[in-house]
2 protein chains.
Amino acid sequence: MSNQSPFAPPGSAADLEEGASLTPKFDADGLVTAVVTDAASGEVLMVAHMNAEALAKTIDSGEAWYFSRSRRALWKKGETSGHTQRVVELRIDCDQDAVWLKVEQAVAACHTGRRSCFYRNVPLGKAGAKPGAVTLAFVGERVFDPKAAYRK
Amino acid sequence: MSNQSPFAPPGSAADLEEGASLTPKFDADGLVTAVVTDAASGEVLMVAHMNAEALAKTIDSGEAWYFSRSRRALWKKGETSGHTQRVVELRIDCDQDAVWLKVEQAVAACHTGRRSCFYRNVPLGKAGAKPGAVTLAFVGERVFDPKAAYRK
């Protein structure tokens, strides 16, 4: 299946936007963007990417699969850490190049140990007036020890 | 500024993840992914991209600026439609290649007229067992007439 997408190729802009067929518009690397939110809190947990196989496996299984751009490999979220994601709802955007997963996240989404990958605030306006010297504010606490979770 | 980023280059993985400096990791096209949620409802409104200039303008102004990959141009959200985004909170993710904007969205985010670009559900499990023949369910209503909003 890796070299043969189970999805039909995308059609016109009108078909993509107003059609009822799932015809993902994969980019030059064969990927769509995946935004993952906590189904209970609404917090954005992470952003990742899916190739056709990852998207098909996610639809089939109701568990989140992704494609790692750095490792060039399919991966199931939580396969090492146990921090899996059960997909409660899956949506596709207007031009079908991004998906939104609402998930039940086991323990935490971020490999650094935080619940969400978005654990730092960027100050805005005067406080961030020199973008080259922005000091981030940490807003997310560690909820697990990454060294322990990823030890084989 | 277009050819000179106001941000320092990204450092090591440890610096990116645990540092308090904003050093975005722009991709080969000079972009980071931007996830935009409604500050009130938590709904994911859209996914877009920012180059260094768009990110710096967003930080400076507290209003959302993006970079259009198709038009290869900087754009301010709402510059044509009036559907601007006031940024309530801006976060950066662990490896600093994605940002999360919580915004106050004027009228609607999607150019098709819906509040969110994610107005279609993808059925999961048995209902979506043949990914090549998935029928999407529309869950978002039009809240404005795109023909009127984008008429010059």
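Residues numbered from 1 in each chain as written. Chains lettered and ligands numbered in written order. Predicted model: local features only at pLDDT ≥ 70, side-chain atom pairs only at ≥ 80, totals over all residues. Heavy atoms only, no water.

K.L.:
Mind showing me how you'd approach the overall build of chain A here?
P.N.:
What chain A contains, in helices and strands, is three helices and eight strands. Starting at the N terminus and walking to the C terminus, you meet the elements of chain A as α-β-β-α-β-β-β-β-β-β-α. Principal-axis analysis of the C-alpha atoms gives chain A an extent of 45 × 45 × 30 Å. Within chain A, the fraction of its 152 residues that count as buried is 51%. Across chain A, contacts joining residues at least 24 apart in sequence account for 45% of those joining residues at least 6 apart. As displayed, chain A offers around 6,900 Å² of accessible surface, 50% of which is attributable to carbon and sulfur atoms. (Helix = DSSP H or I, 4+ residues; strand = E, 2+ residues; numbered from the N terminus. Buried < 20%, exposed > 50% of the residue type's maximum accessible area, 1.4 Å probe, protein only. Contact = heavy atoms within 4.5 Å. Areas by Shrake-Rupley, 256 points an atom, 1.4 Å probe, with all protein chains shown as cover.)

K.L.:
Is there a simple way to think about the sheet that holds strand β7 (residues 120-121) of chain A in this case?
P.N.:
Two pairing modes exist for strands in a sheet, parallel and antiparallel, and in both the strands are linked by backbone hydrogen bonds. Within the open sheet, the six strands sit side by side as β8(A)-β7(A)-β5(B)-β6(B)-β1(B)-β2(B). Their pairing is mixed. Both outer strands of the open sheet, β8 (137-138) of chain A together with β2 (44-50) of chain B, are each paired with one neighbouring strand and no more. Taken together, the two bridges between β7 of chain A and β8 of chain A define a ladder with antiparallel strand orientation. The residue bridging Arg-120 of chain A from the neighbouring strand is Phe-138 of chain A, located in β8 of chain A. On top of the sheet, helix α2 (residues 52-61) of chain B reaches β2, β5 (85-92) and β6 (98-105) of chain B; it is set at about 125 degrees to β2 of chain B, its chief contact. (Pairing = 2+ DSSP bridges. Axes fitted to C-alpha atoms, helices over the stretch in contact; angles between N-to-C directions.)

K.L.:
Looking at this structure, how should I read the pairing of strand β6 (residues 98-105) of chain A?
P.N.:
Residues in a regular strand point their side chains to alternate faces of the sheet. All names here are of chain A. Within β6, six of the eight residues are buried, leaving the element largely enclosed by the surrounding structure. The sheet contact formed by strand β5 (residues 85-92) and β6 spans seven bridges and is antiparallel. Bridge assignment links Arg-86 to a residue of β6, and that residue is Glu-104. The turn linking β5 back onto β6 is made up of five residues, and Gln-96 within it adopts a positive phi angle of 60 degrees.

K.L.:
I keep staring at the sheet that holds strand β8 (residues 137-138) of chain B and nothing clicks. Help me out?
P.N.:
The strand order across the open sheet formed by six strands is β2(A)-β1(A)-β6(A)-β5(A)-β7(B)-β8(B), and the pairing between neighbours is mixed. The open sheet is flanked by β2 (44-50) of chain A together with β8 of chain B, the only strands paired with a single partner. Bridging between strand β1 (residues 32-38) of chain A and β2 of chain A involves six bridges; their strand directions are antiparallel. Considered in β2 of chain A, the bridge of Thr-33 of chain A is made with His-49 of chain A. Packing of helix α2 (residues 52-61) of chain A onto the sheet brings it into contact with β2, β5 and β6 of chain A, and relative to β2 of chain A it is tilted by some 125 degrees.

K.L.:
Sorry if this is basic, but what is going on with the confidence of the model for chain A here?
P.N.:
For any part of a model where pLDDT is low, the fine detail of the predicted coordinates should not be relied upon. Averaged over chain A, the pLDDT score is 92; the fraction of residues at 70 or greater is 93%. The complex model carries a pTM of 0.94, and its ipTM stands at 0.93. (pLDDT = per-residue confidence, 0-100.)

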